[in-house]
Amino acid sequence: MKPLSGKTALVTGSARGLGLAFARDLATQGATVVLSDLQAPHDVAQALQQEGITAWAVALDVANAASVEAAFDFIDKQVGGLDILVNNAGIFTSLKPQSIHDIDMEEWDAVMAVNVRGVFLCSRAAAKRMAIRGYGKIINIASGTAFKGTPLFAHYVASKGAVIALTRALSKELGADGIRVNAVAAGLVMTDNVMANPDIVNRLLQGSLESRALSRAQQTDDVTGAVGFLAGPQSDFITGQTLVVDGGSVTH
């Protein structure tokens, strides 16, 4: 038996990039995976199915409460419930370095809506269902920038600091229901979307490499193991924690 056999995992923002890597890794451990994005990624799910992976796709706007409830209702009815939630959806790769004086309120609100409200809404919907089963895993994708205070990305850094704080609060609140809540704070992961944004690469990559104990570019496979561990039974007595996965740039 694989460690996640019989479990269902929803990964938000999983049409591509890091989210897709998380979903694929959880599937290799035996989980049924539900891929989600603003548009249901049916083509990605079908590609995984051709590899022998049990995969579903659902449309999900994490910042919209009605969309969240509709997606979770779909999982209840069509997939058979939820055991693992990976809150991966976030706004980062479309951002450019900006002074606090130049970030407009529309962009600030958009980052907070997806990166913070989205984690709250999806965690709330998942917790309601996991509590009935008496077991569940919620894994929030944070960022090492929350510990570094990386300049020129104040909205993003603040949002990920909020995710870490929310992780701690929810772990205390949901523990009695058998729900474990943890976070993974990744470093700068060189996904296709990151590499397509020269503003981010030029501003952050060299500094990240110089600050790491393991001085190389971070890839998706460097992060999936941590999420898989927190999703599995070996971490059942771990909750409220933030695991930094960045090659030793942050020691936490």
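Remember, it's a predicted structure, so these values are computed and weren't measured experimentally.

Asker: Looking at this structure, I do not really get unusual backbone geometry. What am I missing?
Answerer: Trans is the common state for peptide bonds, and a negative phi is the common state for residues other than glycine. The residue L152 is not glycine, and still its phi comes out positive at about 70°. Locating L152 in the fold gives a position in the loop between α5 (145–148) and α6 (154–174).

Asker: Just checking my understanding: could you explain the side chain of N115 for this structure?
Answerer: Assignment of secondary structure puts N115 in helix α4 (residues 105–133). Separated by 2.7 Å, the side chain of N115 and the backbone nitrogen of I91 make a polar contact. Within the structure, the side chain of N115 is placed 3.1 Å from the side chain of S159, a separation counted as a polar contact.

Asker: What should I look at first to understand the environment of I179 in this one?
Answerer: Here I179 is to be found in strand β6 (residues 179–186). In this view, I179 contacts A127, M130, A131, G136, I138, L174 and T239; residues no more than four positions away in its chain are not counted.

Asker: Looking at this structure, I do not really get the pairing of strand β3 (residues 55–59). What am I missing?
Answerer: Within a regular strand, the side chains alternate between the two sheet faces. With 5 bridges connecting them, strand β2 (residues 32–37) and β3 associate as parallel partners. Each residue of the ladder has a partner; that of S36, found in β3, is V58. Between β2 and its parallel partner β3, the chain crosses via helix α2 (residues 42–50), and the hand of that crossover is right-handed.

Asker: In this structure, what is going on with the packing of helix α1 (residues 17–28) against helix α9 (residues 221–231)? I would like to understand it.
Answerer: Helix-helix packing is described using two parameters, namely the angle between the two axes and the distance between the axes. Between α1 and α9, the shortest axis-to-axis distance is 9 Å and the interhelical angle comes to 50°. Overall, the two elements α1 and α9 adopt an arrangement that is oblique. The element α1 and its partner α9 pack so that their crossing is right-handed. Contact with α1, carried on its side by L18, A21, F22, D25 and L26, involves V223, T224, V227, G228 and A231 of α9 and no other residues of that element. Its residues assigned to classes, the contact of α1 with α9 shows 7 nonpolar, 2 polar and 1 charged.

Asker: It is not clear to me how the sheet that holds β6 should be interpreted in this structure. Could you clarify?
Answerer: Sheets are built from strands that pair by backbone hydrogen bonding, the pairs being arranged parallel or antiparallel. The strand order across the open sheet built from 7 strands is β3-β2-β1-β4-β5-β6-β7, with neighbouring strands paired in parallel fashion. Taken across any chain shown, the strands that pair with only one partner, and hence form the sheet edges, are β3 and β7 (242–245). When strand polarity is set aside, the average angle formed by the axes of neighbouring strands in this sheet is 20°. Note: β6 against β7, 4 bridges, orientation parallel. Bridging across to β7, A183 finds its partner in T242. Seen against the sheet, α4 touches β4 (84–87), β5 (136–143) and β6 and runs at an angle of roughly 175° to β4. α9 rests against β4, β5, β6 and β7 of the sheet, and its axis sits at about 170° to β6.

Asker: Before we go on, may I ask you to explain the packing of helix α3 (residues 65–79) against α4 in this structure?
Answerer: The contact between α3 and α4 brings their axes to 10 Å, and the two run at 35°. Crossing handedness for the pair α3 and α4: right-handed. When α3 is examined against α4, the residues A65, V68, E69, F72, D73 and D76 are found in contact with a partner set consisting of L121, C122, A125, A126, K128 and R129. For the contact of α3 with α4, the residue count by class is 7 nonpolar, no polar and 5 charged.

Asker: What am I meant to see in the nonpolar core here?
Answerer: One broad trend across soluble globular proteins is that nonpolar side chains are buried collectively. Formed by 36 residues in total, the largest nonpolar core has its most connected members in L10, F72, L82 and L85. Counting residues per element, the ones that place at least two in this core are α3, α4, β5, α6 and β6. Sort the elements by how many residues they give to this core and α4 lands first, with 9 residues. The residues contacting L82, other than those within four sequence positions of it, are T8, A9, L10, F72, I75, A126, M130 and R133. One finds L4, L26, V86 and A226 within the second-largest nonpolar core, a separate group that totals 31 residues.

Reading the values: rules and limits
Within each chain, residue numbers correspond to sequence positions counted from 1 in written order. Given that the model is predicted, a residue must reach a pLDDT of at least 70 before its local features are reported, and side-chain atom pairs must reach 80 or more before they are shown or counted; all residues, however, enter totals for whole chains, interfaces and linings. Only hydrogens and water are set aside; all other atoms, that is, all heavy atoms of the structure, feed into the side-chain values. By the criteria applied, helices consist of DSSP H or I runs no shorter than four residues and strands consist of E runs no shorter than two, each listed in order from the N terminus. Here a polar contact is recorded for every N or O atom pair within 3.5 Å, except that within protein the pair must consist of a potential hydrogen donor and a potential acceptor, and residues adjacent in sequence are included only if both atoms are side-chain atoms. Only heavy atoms matter for contacts: two residues are in contact if any of them lie within 4.5 Å across the pair. Note on pairing: two strands pair once DSSP finds at least 2 bridges between them. Note on handedness: a clockwise path from strand one over the helix to strand two, with the strands aimed away from the viewer, defines a right-handed crossover. A fitted line through C-alpha atoms represents every axis, and for helices the fit uses only the stretch in contact; the resulting angles, taken between N-to-C directions, go from 0 to 180 degrees. Orientation labels follow simple angle bins: below 35 degrees gives roughly parallel, above 145 gives roughly antiparallel, 65 to 115 gives roughly perpendicular, and whatever is left gives oblique. Two helices crossing with the near one rotated counterclockwise from the far one by less than a right angle form a left-handed crossing, whereas a clockwise rotation gives a right-handed crossing. For this classification, the nonpolar set comprises Ala, Val, Leu, Ile, Met, Phe, Trp, Tyr, Cys and Pro, the charged set comprises Asp, Glu, Lys and Arg, and every other residue, Gly included, is treated as polar. Among buried residues, those of type Ala, Val, Leu, Ile, Met, Phe, Trp, Tyr and Cys that are joined through side-chain atoms within 4.5 Å constitute a nonpolar core. Three labels apply to residues, based on accessible area from a 1.4 Å probe with only protein chains included: buried if under 20% of the type maximum, exposed if over 50%, partly exposed otherwise in between.

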